[in-house]
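What follows is the residue order along each chain.
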Amino acid sequence: LSIIGVQQIHRVVEVVEESVKGHAVRLLGQGVRPALDLPKIRRNALIEIVPISMGCLNRCTYCKTKHARGDLVSYSPESVVS
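Residues numbered from 1 in each chain as written. Predicted model: local features only at pLDDT ≥ 70, side-chain atom pairs only at ≥ 80, totals over all residues. Heavy atoms only, no water.

Counting its secondary structure elements, the protein chain contains 3 helices and 4 strands. The contacts of the protein chain with a sequence gap of at least 6 include a subset with a gap of at least 24, amounting to 40%. Accessible surface for the protein chain amounts to roughly 6,800 Å². Of this, 60% is attributable to carbon and sulfur atoms. (Helix = DSSP H or I, 4+ residues; strand = E, 2+ residues; numbered from the N terminus. Contact = heavy atoms within 4.5 Å. Areas by Shrake-Rupley, 256 points an atom, 1.4 Å probe, with all protein chains shown as cover.)

Given below as structure tokens:
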């Protein structure tokens, strides 16, 4: 059984390859923010969804997202524009 956290999404191919070989992979920690140049499937070539931040503000008392995604952090302006 392999498990991958939301902040490790850029390593999903590596996890799948290791899982196919029979190895268990667990990547659940708070890590580096995923790159903005991850592959995307677009339904409209004229529309782009550009993330400018990730995480949360920890304001919703009922929500567990803050534990999975961590504190709110912003991408640098250079990485958003490029």
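What follows picks up the thread again.
Turning our eyes to something else, we now look at the pattern of salt bridges. Between side chains of opposite charge, a pair can form as their charged atoms come close. Applying the stated rule across the entire model yields 2 salt bridges. Where Arg11 meets Glu14, a salt bridge forms, and the shortest distance between an N and an O atom there is 2.9 Å. Relative accessible area serves as the criterion here: at 38%, Glu14 is assigned to the partly exposed category. (Salt bridge = Lys/Arg side-chain N within 4 Å of Asp/Glu carboxyl O. Buried < 20%, exposed > 50% of the residue type's maximum accessible area, 1.4 Å probe, protein only.)

Moving on, we get to the confidence of the model for the protein chain. In this model, the protein chain carries a mean pLDDT of 78, and residues with pLDDT of at least 70 account for 80%. Across the protein chain, helix α1 (residues 12-20) holds the top mean pLDDT of 92, while helix α2 (residues 65-69) sits lowest at 67. (pLDDT = per-residue confidence, 0-100.)

Our focus in this paragraph is a nonpolar patch on the surface. Judged by side-chain polarity, Ile9, Val12, Val13, Val16 and Val20 come together as a nonpolar surface patch covering roughly 430 Å² of accessible area. Looking at the secondary structure, you find Val20 in helix α1. The class of Val20 is exposed, set by a relative accessible area of 68%. (Patch = residues over 30% accessible without salt bridge, like charges linked within 9 Å, V, L, I, M, F, W, Y side chains within 5 Å.)

The subject of this paragraph is the environment of Glu48. Locating Glu48 in the fold gives a position in the loop between β2 (26-27) and β3 (53-54). For Glu48, the residues in contact, after removing those within four places along its chain, are Lys40 and Arg42.

Attention shifts here to the environment of Ile3. Within the secondary structure layout, Ile3 lies in strand β1 (residues 3-4). Taking the relative accessible area as the measure of exposure, Ile3 reaches 32% and is therefore partly exposed. Remark: the alpha-carbon pair of Ile3 and Val16, spanning 13 residues in sequence, is separated by 9.9 Å. Sequence-distant contacts of Ile3, that is, excluding residues within four places in its chain, are made with Val25, Arg26, Leu27 and Leu28.

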